[in-house]
Amino acid sequence: MEFLTTSEAADYVRLGERKLYELVTEGAIPGSKVTGKWLFPRHELDLWVLSGLARPAGMIATDPPPIVGGSPDDLLEWALRESGSALASLAEGTARGVDRLQRGEVIAAAVHFHSDGIFEGSAGNANIAAARTMPGLRDALLVGLTRREQGLLLPPGNPKRLHSLSDVLSSGAQMAVRQPGSGAQMLLDMLLRRAGAGQKDLHRLQPPCLTNPDLAAAIRAGKAACGIAPRATAKSAGLDFVPLLWEDFDLLMRQRSYFRPQVQALIAFFGQKRWNQRAGELGGYDPAPSGKIRFAA
């Protein structure tokens, strides 16, 4: 990340240094004070300018409502309540969240994409790859939420002794699944392809579960022998858990939405001790990426 000095930043945004000082001391412009001197991330200045961009009437829709769509998640739902951001939640899965974001129906979408060509821990992960190619989102911005552990949810004691997707396939165990377009279903499809199998080889519970808690409830009630969801879902439902992989879980938004007060309130909350503590309590979260800009179109 490139940092500008006060004089460089003033030149960059075409302001006098005195006016720049006024804005940064009022908290109206992004900057960081290091050993008594202000430094300004160039990329944050770009976003600040874009946030106030004026467009002709009719060129774009009005500002989207303060709703976070996309994937359901225990830690995110808690943060939306506790941060005071006034952001509501509409958890319908990754693909539905992106669709609503493109139509201007939500301000951000929580996403976790999965792709065969992109493996865990790679620099160009699936969320970034997807954001690069989304039609109608040329101003896409990805803000890190957390890294999240996904795995198999199982009844207490794991009575069928399922320790991998291969075990599920070979045993014919019934599996609770999420709806098409959800990140969990993308993950399952990817794992099946890597195993040389497909949906036809899986004994699926129907209809699909719309949320992680719905999937956990189906397993708890004995309707299914397993399903894929985050570790936190297993812990809250009292289910066993077999880890499969860690994934990046991000907030996707338009660049102009980044400086909306509600979004800034949520991002500021990510830096608080309570966020890290709650991540540890729920289990299966690594909050290291929280609040970091991971991609900007």
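1. Looking at the environment of Asp-73
- If you trace the backbone, Asp-73 turns up in the loop between β4 (67-70) and α4 (74-82).
- Owing to a relative accessible area of 4%, Asp-73 belongs among the buried residues under this scheme.
- Contact partners of Asp-73, with chain neighbours within four places excluded, come to Arg-148, Phe-249 and Tyr-285.
- Looking at Asp-73, its side chain comes within polar contact range of the side chain of Tyr-285, at 2.8 Å.

2. Overview of the side chain of His-114
- Here His-114 is to be found in the loop between β6 (108-111) and α6 (126-132).
- We classify His-114 as buried; its relative accessible area is 14%.
- Among the polar contacts made by the side chain of His-114, one reaches the side chain of Glu-247 at a distance of 2.7 Å.
- Ignoring any residue separated from it by four or fewer positions in sequence, one finds His-114 in contact with Ala-126, Gly-183, Met-186, Leu-187, Met-190, Leu-245 and Glu-247.

3. Notes on the pairing of strand β10 (residues 226-230)
- In terms of residue burial, β10 counts as a mostly covered element, since five of its five residues are buried.
- As paired elements, strand β8 (residues 174-176) and β10 share two bridges and run parallel to each other. Counterpart to Met-175 in the pairing with β10 is Cys-226.

4. What to know about empty space enclosed by the protein
- For the structure on display, the rule yields two cavities of 30 Å³ or more.
- Considered as a void within the structure, the largest cavity measures approximately 40 Å³ in volume.
- Lining the largest cavity are Met-175, Ala-176, Val-177, Arg-178, Ala-184, Gln-185, Leu-188, Leu-215 and Ile-228.
- Listed by contribution, the elements that provide at least two residues to the lining of the largest cavity are β8 and α8 (183-194).
- Per-element accounting of the lining of the largest cavity gives the leading share, three residues, to α8.
- The residue makeup of the lining of the largest cavity, split by class, is seven nonpolar, one polar and one charged.
- Within this model, the second largest cavity holds a volume of roughly 30 Å³.
- Taken together, Val-68, Leu-87, Ile-107, Ala-108, Leu-251, Met-253, Val-263 and Leu-266 form the lining of the second largest cavity.
- Elements with a minimum of two residues in the lining of the second largest cavity: β11 (240-254) and α11 (261-270).
- The residue inventory of the lining of the second largest cavity, partitioned by class, reads eight nonpolar, no polar and no charged.

5. A word on the packing of aromatic side chains
- One pass over the full model with this rule turns up four aromatic pairs.
- Each ring, one from Trp-78 and one from Phe-269, has its centre 5.4 Å from the other, and the planes form 50 degrees; the classification is tilted. You can see Trp-78 sitting in helix α4 and its partner Phe-269 sitting in helix α11, a full 191 residues away along the chain. Accessibility classification places Trp-78 together with Phe-269 in one group, the buried group.
- Look at Phe-270 and Trp-275: their rings are 4.5 Å apart centre to centre, the planes differ by 45 degrees, and that puts the pair in the tilted class. The same class applies to Phe-270 as to Trp-275, namely buried.
- Sitting above the plane of the Tyr-12 ring, Arg-42 keeps its charged end 4.6 Å from the centroid.

6. Remarks on the layout of surface pockets
- Empty space within the largest pocket amounts to approximately 310 Å³.
- As for the largest pocket, its lining consists of 15 residues, and the residues nearest its centre are Ile-29, Pro-30, Gly-31, Phe-259 and Gln-264.
- Taken together, the residues of the lining of the largest pocket sort by class into 10 nonpolar, four polar and one charged.

7. Thoughts on the pairing of β6
- Here β6 shows two buried faces, one formed by Ala-108 and Ala-110 and the other by Ala-109 and Val-111.
- When β4 meets β6, the two strands line up parallel, connected through three bridges. Paired with Gly-69 across the two strands is Ala-109, which belongs to β6.
- Pairing between β6 and β11: four bridges, direction antiparallel. Bridge assignment links Ala-108 to a residue of β11, and that residue is Met-253.

8. Points about unusual backbone geometry
- Cis geometry is found at the peptide bond from Gln-206 to Pro-207, where omega equals -5 degrees.
- Despite not being glycine, Arg-14 has its phi angle at roughly 60 degrees, a positive value.
- Position of Arg-14 among the secondary structure elements: in the loop between α1 (6-12) and α2 (17-25).
- Here Asn-158, not a glycine, exhibits a phi torsion of approximately 45 degrees, which is positive.
- Positionally, Asn-158 belongs in the loop between β7 (140-154) and α7 (165-171).
- Given the relative accessible area of 8%, Asn-158 is considered buried.

Rules used throughout
Residues numbered from 1 in each chain as written. Predicted model: local features only at pLDDT ≥ 70, side-chain atom pairs only at ≥ 80, totals over all residues. Heavy atoms only, no water. Helix = DSSP H or I, 4+ residues; strand = E, 2+ residues; numbered from the N terminus. Buried < 20%, exposed > 50% of the residue type's maximum accessible area, 1.4 Å probe, protein only. Contact = heavy atoms within 4.5 Å. Polar contact = N/O pair within 3.5 Å; in protein donor to acceptor, adjacent residues only side chain to side chain. Pairing = 2+ DSSP bridges. 1 Å grid on protein atoms, 1.4 Å probe; cavity = no way out; pocket = protein on both sides within 12 Å on 5 of 7 lines; lining within 4 Å. Points joined across faces, edges and corners; volume = space filled by probe spheres on them. Nonpolar A, V, L, I, M, F, W, Y, C, P; charged D, E, K, R; others polar. Phe/Tyr/Trp six-rings, centres within 6.5 Å; stacked < 30°, edge-to-face > 60°. Lys NZ or Arg CZ within 6 Å of the ring centre and 35° of its normal.

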